[in-house]
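# Examining the three-dimensional arrangement
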Amino acid sequence: MSSELAFLPASRGTLLLLRRKLQLVKRGKDVLQMRRDQLVKEVFSIMDELKKRPEAEQQYAEASEIVSKIRMSRGEHEFLSISNLATPPKIETVIVSYQGVAVPQARIVIEPDFSKITDPEYRTALEKLWEAVKTMIEVANKEIAVEKLCEQLQYINRVVNSLEKNLIPKLEDALHHIEERVTEEEIEEFVRIKLIGER
Amino acid sequence: METYLVVRAHGLKTRLLNKNDYELIIREERSLADYPDYMHIKEDDSLHDKIEKVYRVYINRMNLLAKISPEDYEQFVRALLDRLEIENIKIQLRYIMGSKRKVLYYPYGHYISPSRLSKIASEGTLWETLRATPYMKNKKVPKFITGTVAEREFFVENLYYSYIIGLINKSRNLKRKLDKLIEILRTEYMGKLIYWEKILGKENLPEIIRNQGIPFDIHSVRLREYLEKLKIDYQEAIEYLSTNRLTDFLNLLKRGLIRYSIYLLTPHTVELPFIYLYNIMAHIEAENLERIILGKNIGLTEEAILSTLVFIEE
């Protein structure tokens, strides 16, 4: 773009073209800045939910420890076969749009079924563990959303910076340069016409 | 012959691990392979291989006693070991009625080998197979009231108690020698009823008992009396039961039953009932080692592992 600008002919047509281009780039930059603000707002709103993570980790660690203790006390044979009575959950990955950004998300399609487990200790422990896993899935979904939104933010920032620090100054320089050239040429033309008229 | 059998059991008892050994293993100051009976267990064996090898030691010990026993005693010694087969049947029931994910069987089969059991894919085939064994000879499958797996497990457990009681009652010799053992089995069964009441529901158990029939003439378990008999702290037991901490309750019950068995069988240390006591001790050793191996594998603390172990010295 910059190399193209250096070889533009100094004419009123070029001047109009450059003005239109500069206007378009500035409008584009404004739109991108608005999008950036929108994404930042979205990231901040998700960040609040990410604060649940330590709590979710704690909940998971506690539930996991209870299950581990039951597994150790009751023995591997019983633990594996009792776990067999639980119908496992079905989890799918879907793509969800966060402010137009495609984010992969884990979705629980079918909840696990613990109804066949009649031992209340096993059942309570496994239900607690599943609740903890569910919270962890929610947190992981939010984390991946923040990651993807931040990637998009990084990209928008790069484009805005490039427009702000590179393209717009160059376009303005070129516009200014061509404006001067056109004015000079107009003055020259005016002087030449005046001299011819005096003769 | 009986004296020889009991003396061999006393000899085997000296090889059982004690509290100090368990502590050394937990603290990793000694490895399991340092003990002659477990020297074939390698550090790089998988978790399930290690557990299987531990139970094989228990099975081999009891098999050794069965081999040197006279015929009717042999049946009794094997019947003690058959508890593992009953557990395998329960495991297979859960597998059939569950999600059919990988399960682990005890490496023991008297009437149905684990490999044969694992190939049974339907409940009907399982009952048919059981009908061909002494556990369910001349018995019909009852109509299950609640339809739960637990009710079927209760039925299988009842089959075992009927089988072992039947075996003792069948031989006059055994009946005479093992009268106190029947009392211990009855006491153990009462503890099981408390557990099953929690699992099957207080409202369902009487009807299930009427429907299935049970091996002992027990109408109800008076909890306070029962716990006092086993010298179990009533408040502690009630707390565990009311908060559904059944694992802790079962451990409490196991410790109480061991105390009670030792108390009842101490005058018979050179008689056949000692084999039952030895069986409990050897089985507890296998369970304790399984807990240590599992606990270490899961990454639980030394204190947490130690708190679940059952010690015979108590």
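What counts, and where the lines are drawn
Residues numbered from 1 in each chain as written. Chains lettered and ligands numbered in written order. Predicted model: local features only at pLDDT ≥ 70, side-chain atom pairs only at ≥ 80, totals over all residues. Heavy atoms only, no water. Helix = DSSP H or I, 4+ residues; strand = E, 2+ residues; numbered from the N terminus. Rg over C-alpha atoms; globule rule 2.2 N^0.38 Å. Buried < 20%, exposed > 50% of the residue type's maximum accessible area, 1.4 Å probe, protein only. Areas by Shrake-Rupley, 256 points an atom, 1.4 Å probe, with all protein chains shown as cover. Lys, Arg positive; Asp, Glu negative; His and termini not counted. Charge placed at Lys NZ, Arg CZ, Asp CG, Glu CD. pLDDT = per-residue confidence, 0-100. Phe/Tyr/Trp six-rings, centres within 6.5 Å; stacked < 30°, edge-to-face > 60°. Lys NZ or Arg CZ within 6 Å of the ring centre and 35° of its normal. Core = buried A, V, L, I, M, F, W, Y, C linked by side-chain atoms within 4.5 Å. Contact = heavy atoms within 4.5 Å. Axes fitted to C-alpha atoms, helices over the stretch in contact; angles between N-to-C directions. Parallel < 35°, antiparallel > 145°, perpendicular 65-115°, else oblique. Nonpolar A, V, L, I, M, F, W, Y, C, P; charged D, E, K, R; others polar. Patch = residues over 30% accessible without salt bridge, like charges linked within 9 Å, V, L, I, M, F, W, Y side chains within 5 Å. Salt bridge = Lys/Arg side-chain N within 4 Å of Asp/Glu carboxyl O. Pairing = 2+ DSSP bridges.

### Overview of the overall build of chain B
A tally of regular secondary structure across chain B gives 15 helices and zero strands. Computed over C-alpha atoms, the radius of gyration of chain B comes to 20 Å, within 12% of the 20 Å expected from 2.2 N^0.38 for 314 residues, which places it in the range of a compact globule. Projecting the C-alpha coordinates of chain B onto the three principal axes gives extents of approximately 55 × 45 × 45 Å. Here chain B holds 314 residues, and 56% of them are scored as buried. Total accessible area computed for chain B in this model is approximately 14,300 Å², and 49% of it derives from carbon and sulfur atoms. Each charge sign in chain B was given a centre, from 48 positive and 44 negative side chains, and these centres are 5 Å apart.

### A look at the confidence of the model for chain A
Model confidence for chain A is summarised by a mean pLDDT of 92, while 98% of its residues fall at 70 or above. Confidence, expressed as mean pLDDT per element, reaches its minimum in chain A at helix 1 (residues 2–6) of chain A with 67 and its maximum at helix 4 (residues 76–83) of chain A with 95.

### Looking at unusual backbone geometry
Residues and elements named next belong to chain B. Backbone geometry places Asn138, a non-glycine residue, at a positive phi of 60°. Classification of Asn138 as exposed rests on a relative accessible area of 80%. Of note in the backbone geometry, Asn244 takes a positive phi value of approximately 60° without being a glycine. Here Asn244 shows up in the loop between helix 12 (234–242) and helix 13 (246–265). Overall, the relative accessible area of 24% leaves Asn244 in the partly exposed class.

### Points about the packing of aromatic side chains
Residues and elements named next belong to chain B. In the structure shown here, the tally under the stated rule is 16 aromatic pairs over all chains. Judged by centre distance (5.8 Å) and plane angle (75°), the rings of Tyr160 and Tyr161 are edge-to-face. Judged by relative accessible area, Tyr160 falls into the buried class, the value being 2%. Overall, Tyr161 belongs to the buried group, its relative accessible area being 1%. An aromatic cluster is built from Tyr111, Tyr135, Tyr160, Tyr161, Tyr163, Tyr189 and Phe216, whose rings are joined through pairwise contacts. Cation over ring: Arg30 sits above Tyr35, and NZ or CZ is 4.5 Å from the ring centre. Directly above the ring of Tyr234 sits Arg224, whose terminal nitrogen or CZ lies 4.0 Å from the centroid.

### Examining the nonpolar core
One finds Leu65, Phe76 and Phe154 of chain B to be the most contacted residues of the largest nonpolar core, which totals 140 residues. The greatest single-element share of this core, amounting to 14 residues, is contributed by helix 14 (residues 273–298) of chain B. With sequence-adjacent residues up to four places away left out, Phe76 of chain B is seen in contact with Leu167, Ile168, Leu174, Leu178, Leu181, Leu272 and Tyr276 of chain B. Ile46, Tyr98, Leu149 and Val160 of chain A belong to the second largest nonpolar core, which has 15 residues in total.

### Description of the packing of helix 4 of chain A against helix 3 (residues 47–67) of chain B
One way to put it is that helix 4 of chain A packs onto helix 3 of chain B with a least axis distance of 11 Å and a crossing angle of 125°. By the angle class used here, helix 4 of chain A and helix 3 of chain B are oblique. For the pair helix 4 of chain A and helix 3 of chain B, the contacting residues are Glu76, His77 and Leu80 of chain A in the first and Leu47, His48, Ile51 and Tyr55 of chain B in the second. Each residue belonging to the contact of helix 4 of chain A with helix 3 of chain B can be placed in one class, and the counts come to four nonpolar, two polar and one charged.

### Some remarks on a nonpolar patch on the surface
Together, Ile187, Phe190, Val191 and Leu195 of chain A make up a nonpolar patch on the protein surface, roughly 400 Å² of accessible area in all. Along the chain, Phe190 of chain A turns up in helix 5 (residues 120–198).

### As for the pairing of strand 1 (residues 90–98) of chain A
Residues and elements named next belong to chain A. Looking at chain direction, strand 1 and strand 2 (residues 101–110) are connected through nine bridges and run antiparallel. When the bridges of strand 2 are listed, Lys90 appears paired with Ile110. With antiparallel pairing between neighbouring strands as the criterion, strand 1 and strand 2 make up a hairpin whose turn holds two residues, including Gln99 at a positive phi of roughly 50°.

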